[in-house]
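# Reading the structure
Next come the chains, spelled out residue by residue.
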Amino acid sequence: MGETVGNLIGLNDEVIHPAATLAVEAHNSPSKQFLVKKIKIRHDLSSVVVFAFSGSMLPKDWSGQPTFAKTEIATGEFRSLTSLNDGGDAVVNGSFLRRFKDVIGNLSKAKELKEATEKKRQVVFAGYSSGGPIAILATLYFLEKQTPSPRCLTFGSPLVGDRIFGHALRREGWSDYFTHFVMKYDIIPRIMLSPSSTEHEQILDYFKSKFDRKNINPAPPSGFYLTVMGNASSVASYEACRLMGCRNPSLDIIKSFIELSPYRPSGTYVFCTGNGNLVVVKNPNAVLQILIHCAELGESNTAEVEKRSLDEHSAYLSELKDCLGMQAVVSLDGGPATATLNDLGLSPQAMLCLQAAEEFENRRSRNLENFRKYLEKVEVELEKMRKYKENAQISRLGYYDSFKLQNEDDDFHANVSRLELAGIWDEIKEMLKEFELPDDFEKKREIIDLGTKYRRLVEPLDIANFYRHSKDKETGAYVIGGGPRPKRYRFIQRWLEHDEKKSFGSRSESLFWADVEQLGIDIKKKGYLQEIEERIQQVERNLIAWIGDRSLDDDVLLENSTFVKWWRDLPPQHKPKSDRIEKLIGEMSERVTQGTKI
Amino acid sequence: MSQAPLFSSAGELANLVVNSNLIDVAWANIPEIQIGQAAFPCSVEPMDYSPTPNRTIVVFASSPNGTQYPLPEGGHLVQSSLFQFLSPNECPSVSINRAALDLFTSLESQLHGLKTKLIEREGQLIITGHSLGGSVAALFTLCLLDSMDKKSKCRPICITFGSPLLGDFDLQHSQWNSFFLHVVSNKDPVPGLFLPSSRSPSTSSHSQTSVYKPFGTYLLCSEHGCACFDDPDLILKILTVASSEVSGELQVVDYGEMLRNLKNKAIWKGPQLAGERYGNSFSEGIVMELETIGIDTAKLNIDINGMEREARSLTKKTKASEAKKLNDIKKAMANLEWYKKKAEDEKKSYYDCFRNEDKKRHVDAKNFMEELTIYWEDMVAEAERKPQKEGKSFRTGWLFAGTTYRRMVEPLDIADFYQGGDGRDYINSKRSQHYKLLEQWYKEAAKPPTREDLDSKKKKVSILLTEDSCFWAHVEEAILSCQSLTNATSTTKQRESSWENLVMFGEYVMEQIENCAVSPEIFLNGSTFMKWWGEYKAYIHNFRNFYSSRLVEYMKRGSYNQYG
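In this report, the structure presented in the accompanying data block is examined.

Rules and cut-offs
- Residues numbered from 1 in each chain as written.
- Chains lettered and ligands numbered in written order.
- Predicted model: local features only at pLDDT ≥ 70, side-chain atom pairs only at ≥ 80, totals over all residues.
- Heavy atoms only, no water.
- Helix = DSSP H or I, 4+ residues; strand = E, 2+ residues; numbered from the N terminus.
- Expected span 1.5 Å × (residues − 1).
- Buried < 20%, exposed > 50% of the residue type's maximum accessible area, 1.4 Å probe, protein only.
- Pairing = 2+ DSSP bridges.
- Right-handed = clockwise from strand over helix to strand, strands pointing away.
- Contact = heavy atoms within 4.5 Å.
- Buried area = accessible area lost by both parts, 1.4 Å probe.
- Salt bridge = Lys/Arg side-chain N within 4 Å of Asp/Glu carboxyl O.
- Polar contact = N/O pair within 3.5 Å; in protein donor to acceptor, adjacent residues only side chain to side chain.

### Describing helix H8 (residues 198-212) of chain A
The terminal C-alpha atoms of H8(A), which comprises 15 residues, lie 21 Å apart, in line with the 21 Å expected from a rise of 1.5 Å per residue. Residues A:Glu199, A:His200, A:Ile203, A:Leu204, A:Tyr206, A:Phe207, A:Ser209, A:Lys210 and A:Phe211 constitute the buried set of H8(A).

### So, the pairing of strand S6 (residues 154-161) of chain B
Residue and element names in this part refer to chain B. Most of S6 sits inside the fold, with seven of its eight residues counted as buried. Relative to S6, strand S5 (residues 123-130) runs parallel, the two sharing eight bridges. Along S6, the bridge assignment pairs Thr-128 with Ile-159. For the crossover that starts at S5, traverses helix H7 (residues 132-147) and ends in the parallel S6, the hand is right-handed.

### Brief notes about the interface of chain A and chain B
Taken together, the contacts link 63 residues of chain A with 54 residues of chain B. In total, about 5,400 Å² of surface goes out of reach between chain A and chain B, with carbon and sulfur atoms giving 63% of it. For the pair chain A and chain B, the interface holds two salt bridges. With a shortest N-O distance of 2.4 Å, B:Lys331 and A:Glu420 are connected by a salt bridge. There are 18 residue pairs in polar contact (both at pLDDT 80 or more) connecting chain A and chain B. At the level of secondary structure, the elements contributing two or more residues to the side of chain A that touches chain B comprise helix H9 (225-243), helix H10 (250-257), helix H15 (348-394) and helix H17 (409-433) of chain A. Considering each element in turn, the side of chain A that touches chain B owes the most residues, 13 residues, to H17(A).

### Some remarks on the pattern of salt bridges
All names here are of chain A. Inspection of the entire model under this criterion finds 73 salt bridges over all chains. A salt bridge links Lys-429 to Glu-430; its shortest N-O distance comes to 3.8 Å. Across the pair, exposure class does not vary: Lys-429 and Glu-430 are buried alike. Close ionic contact of Asp-499 with Arg-445 constitutes a salt bridge, the shortest N to O distance being 2.7 Å. Placement of the pair is Asp-499 in helix H20 (residues 487-499) and Arg-445 in helix H18 (residues 445-468), with a sequence separation of 54 residues. With a relative accessible area of 42%, Arg-445 lands in the partly exposed category. Through salt bridges with shared partners, one network takes in Asp-86, Arg-418, Asp-426, Lys-429, Glu-430, Lys-433, Asp-462, Lys-487 and Arg-488.

Shown next, in the form of structure tokens:
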């Protein structure tokens, strides 16, 4: 309590109102793509540079095909906006994306932006109404480019991205850079939760004529509230079912018969309650529930609320002027505070939804804590594996081949460890799919490191097991898209690639053995075709590179290993890198001899 | 530590349904069709009505007469062979409400054609009906579900409005349960018509009608709001209370009007309840949901704490925990495989190893065995509770793993049984039901082996598990037969039957050998099988010197040394 909005969102309070003013001005200046203004902060004399974007109330700039103008985004400049497990790429509104793409060329070239970067000034991208989505996408664009973190302020902005979009923002730690101001009844921040319809067009038309001809008051449409909020409410109910752990299997069937809006809030939301208080909420599930429930009908009649839902879209400047000076700001995170919720006028059912949203976050933290207990176990098992590998090296066979033979007690114990570890990582994989772990889990250093260690050490054993039982005959090669390779390895590899900003599939050193095994099989089947020859060369290149950067274990080079035997049997004309690899094998042999002597 | 809060999502689910237009679409065409229905009790009106492509709607309309005054004794349940497929293996008979069944049967030929046509379609299929029409819609949907297979691209949902209870079967363990949505107004007497406490016209048959069971999800509505429940007991209680409170004449509820009202209510703040917030989120939610649909919780006599306990136990079962479980099972199997391998290294069959020795290794094996048995007993029981066809497709996914389990673990159960020396007739007296079912299902699913299969089997017979998981039980019985033959106290009759058993056993073993169906480990020195052979050989030598059989020749020649 007693904090200002600026404190809570990490931006000086003095910036907010001028930014809002500029955003409204820019929205109504369609001749310019954006406006720029430098704002001096009084107490430390630093400057903040605000870019605000123009808007459009044409239906074609809000909606499109397919329904909800759904467009997958994660390519090129938005490479982070994707799920690192099975969730696919983030979906955004394609019409907003198109408008952003129209602007970004000129924005990147703007001299004010260059100057701000040079002088290390804080950059803020701001947008009012349909200018909001452009501000959001522009902020993301520069966050991806790793320019000094820009901020984003929106006022009455429609929703832009889906659940994966928000998940990716939180995973990357960018969520806090986005702040969205929303009036209690404003229809625009809710409009994207409903499919485009005649009601949409009525609303947009109304604002268009209002913004175009400032002096004339157009007649407000009516009858839209029930449709738009009804659809929005079904989105909130669906999410509430998931938060509440609905176990009725009909939920999935019913969901498959209806099309809900994919869009969800992300970033920090500041709700303007209309009586001078501001409520700051970061939990995205809570934001969604508040968006719907605080705009529900109460004692006032429908027509009244409907009118308010239009009027409030134009009330940000006056509302913020009144609120920002005061310190009547309450953060909802860490449990709903009854007093504030009274300001939002939430029903008991809404309170249960908020409690469920909070509990969902708590559960994710608890799951993470539980996982930390597992971490130790993973370490213990990996240590056993490491010892196993060491011992196998002394026998000059290597742990891959030793495991494949399954002759010794050690091999069996390694197999039990392999299954033990698979259980733990499979459980994590399923939890990630269900969003049951914190969003930044896949970005945590210690998790990526542990996962990579696991993948490099244990996946060869899964491959050995696979080819020991000739499973390729049933399922095809170990590595084919969506094939038998366990998903846990695919995910863990993706975490590393994402972290190192490398392309998908570039960190496949743990698949070395699978390439070798499959090549052996394919050569027997097809002979030395062009394609096979290329694959042999690739294996040689990979070997040299991965031994070089130590991502592949050197025991592939042991004299008796499947690899060395196979490679030695290749006709010399198929081994362009023969000298280099013979040398590596020789060095390995020496190392082992010395090691055994000691 | 205090437990994490739980929630009841009945209200939210209902809100989703009401706001989604799904039920408006289902209802939209019913009133119109119903008006033209005075003369016939029921008709079918399949239509390609689609605001979105790939959607088919089938409407079953019944006459208002049939709805208000169900046929005399319409509440009777009659056994129906037509719906036999609904019964899980567990309980074999199914009864259906007579009025609904009669209507359905009278339309059967027409419906058969419709079913064949619909199953070919792609996309959404909404099957709907009001009152008795809804009952027929549900019966039709059940038949449709039974005819569908994995290749079917049509996705059905059955939505009924104010339909009476349909039968005594329950679908709680079936995926099918989720395809049914029953919309019921608290003003509508029809859904509770056949319940004992209501003023059912067929008062004579209470005892018979009380076995009705709801299935699917119920969207229960009042003028204040709605809630979705799928717990059959709770639904029964609610229907009973609601139908006892319906006052005055039997009236027809206008579901269209009701839905319009509910849509309005959905974006209303709802009742502002006095009292402690954050008491218990689960009971707070349930009480609110029940009050919304016009039920006084005090009258209902429900155990909210019990419901919460059950919900809590269900939340523990997640995909994540199941992934872990599956790997645990694999781990236990790997341990048993290793146990088997260790025995082989010592030149023993793992059967004999387990039967005759008692070291730590064996204690471990026993633990893994128990873990696996619990898991597979559950899997088999789950398959058993589903309607026959669904159970079958459920189990095909894991039948292969289940068979490996049976072949690996059942011999150990047999070893345990005969170990003490006084076990007799394992197969009939002790064999667990889940082994019997696993074997039966395997036999139903297995294809007859081809020549090539046998050839490839010959090559790798050394690593195969003995196919008949009761093989060792037959061996043990054969030893007992040998003993009975040489036992001075045996009667002639006993001896005759023992000899007969041994002749049959010989043929059985020879057949297994020829089919490469036994593991070569049975021929290892000192195995129970070789022990039998020793006793048998001695008996023949002493008492039936001229007897021979293919197995006797095979064993005497030592051909088994070349086996595997």
